[in-house]
Amino acid sequence: TRASNVLSALGLESQGGVLPGVYTGRGWGGTGNVVASKCPTTGEHLADVTTATPAEFHSVIERSREAFHSFRMLPAPRRGEILRQIREALAAKRDSLGALVSLEMGKILSEGIGEVQEFIDICDYAVGLSRMMNGQVIASERPGHTILEVPNPLGLVAVISAFNFPVAVYGWNLALSFVAGNATLWKPAPSTPLCSIAVTRIVAEVLEKNGVDGGVAALITGGHEVGEALCESEHVTMVSFTGSEHIGAKVGRKVQGRFGKVLLELGGNNASIVMPDADLSLAVPSVFFGAVGTAGQRCTSTRRLYLHREIAPRFLDALKKAYAQIPTGDPLVSSTLLGPLHNQNAVKAYHKAAMHLHEVGAEILVGGKVKHPSGFDQGNFVEATIAIPPSQDLDLWKRELFAPILNVAIFDELDQAIEWNNSVPQGLSSSIWTKDIRNIGKFIGPSGSDCGIVNVNVGNSGAEIGAAFGGNKRTGWGRESGGDSWKQYVRWSACTINSSNEAPLAQGVNFSL
Ligand code: UN1
């Protein structure tokens, strides 16, 4: 069948048994609660997976600490070479892993494969980085003195990832953390355990082949108790968390409370602005992908659309045409563009939001209903929705909702659109469509978009790995993937070295008897 083909390609058939979901570097285990992986498309049960008990949690930490102690001594280029092999192993299974993402998470196959590609890309990036994680030499004011800034491995990095990118977000973190010389512990979303088991097996096999302790890429499947324990553990140097603002606030406080390092990738509530001179043949398909792609479940999904009055009718006509013919159904079928939401809670949240749009008197241009494509009555399907809320003052503009609902407003001046763009608590991704260089300058400048991602003639979602990825304000200010993100995965030492015969004080301070 459909599911067993995908599972057997990766050796994940449980044959009625339970798959171990905890990997410590010394084999697989976990005797805690069993979690079920469920297919969001068909509602079928895919497998049962074991989680870690609190006692096992502590032994995973112990094991990873031990693994870190040897791993940190391995030269960075050597770590890079091992990561290169991990990249090759992932590439060899890219399509079957992509299909597993599609099966377990629900995004369409091309996006599932794209997500694995994102992991491969960040591996390439980090392999290069393994020979260029450079410190600095700084001029000292004292004779015969030299100042160095030296990066060293940080320690244990915990990655708590979300269901919507069950492979790529771990990939971003693992690749950088690994070349930086850390042990990484992964706690995936409890509803996508199979993706994390498949990825960890691939990584573990390469580590084993290279004689590297697998404790540097540990897996701890589990619920919020495991997440909390990771945040509280003094041994976890940094927690990289991707998820909701609500949980992110707790994670941030907990980790900060013990002065650990924290990297947060939280809510996105992203807008696209379309100016009258925009090339609609590019803008319409991009907004369509931003709002409907991944069924609106990317942090970077387009949730708000600000149209200049001059082009609004034409834009909406074209967009409605696209929405009228969205192939909806099995994400594993290559022609499908809209798969299911990940779970029933998301369907409920969608339904509630659609009802709310009705209540406040929004004009619903398309969609608004829970859907059951034929043959998928147990799937979590909804209609992609375009709505024009009656005012800007409504709370619905301010929240991230992981569903394909696009709220539209019409503006007359760019300043107004930028003010709306910036008026929400979140600050992840933004996008403007224009040919006028003055609009571009304004949008990317000091009075422009306040987001971490500021795109021009490029949609909100689907960033490459090369630049740092992340958002400001309630998105959490974290930066992952490219750019300078790697600098967070090391501990920096400022080393002043005196090779002279004097020991002068800085700033000319005199302290002699
Ligand atoms: C996320 O939604 O958590 O830019 C990450 C993008 C992807 C990553 C999204 N490269 O849409």
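Quick look at the structure, then. (Residues numbered from 1 in each chain as written. Predicted model: local features only at pLDDT ≥ 70, side-chain atom pairs only at ≥ 80, totals over all residues.)

Here we take up the sheet that holds strand β8 (residues 156-160). Read from one edge to the other, the open sheet built from 7 strands follows the order β3-β2-β10-β9-β8-β11-β12, with strand pairing classed as mixed. For this open sheet the edge positions go to β3 (28-29) and β12 (261-265), each flanked by a neighbour on one side alone. Seen against the sheet, helix α8 (residues 224-232) touches β8, β9 (183-187), β10 (217-220) and β11 (236-242) and runs at an angle of roughly 150 degrees to β9. Across the sheet, helix α9 (residues 245-257) is in contact with β11 and β12; its angle to β12 comes to roughly 170 degrees. (Pairing = 2+ DSSP bridges. Helix = DSSP H or I, 4+ residues; strand = E, 2+ residues; numbered from the N terminus. Contact = placed C-beta atoms within 7 Å. Axes fitted to C-alpha atoms, helices over the stretch in contact; angles between N-to-C directions.)

Attention shifts here to the nonpolar core. Core analysis: the biggest nonpolar cluster contains 143 residues, and A126, V167, A175 and V239 have the highest contact counts within it. With near-sequence residues (within four places) excluded, A175 lies in contact with L83, I122, C123, Y125 and A126. Counting 6 residues, the second largest nonpolar core, distinct from the first, contains C299, L428, I453 and F469. (Core = buried A, V, L, I, M, F, W, Y, C linked by C-beta atoms within 7 Å. Buried ≥ 20, exposed ≤ 12 C-beta atoms within 10 Å, placed from the backbone.)

On to the packing of helix α4 (residues 94-105) against helix α7 (residues 193-209). The geometry of a pair of packed helices is captured by two quantities: the angle between their axes and the separation between those axes. Look at α4 against α7: their axes get within 9 Å of each other, and the N-to-C directions meet at 165 degrees. By the criterion of interaxial angle, the relationship of α4 to α7 is roughly antiparallel. Note on packing geometry: the crossing formed by α4 with α7 is left-handed. On α7, the residues touching L97, L100, V101 and E104 of α4 are L194, C195 and A198. Partitioned by chemical class, the residues of the contact of α4 with α7 number 6 nonpolar, no polar and 1 charged. (Parallel < 35°, antiparallel > 145°, perpendicular 65-115°, else oblique. Left-handed = near helix turned anticlockwise from the far one by under 90°. Nonpolar A, V, L, I, M, F, W, Y, C, P; charged D, E, K, R; others polar.)

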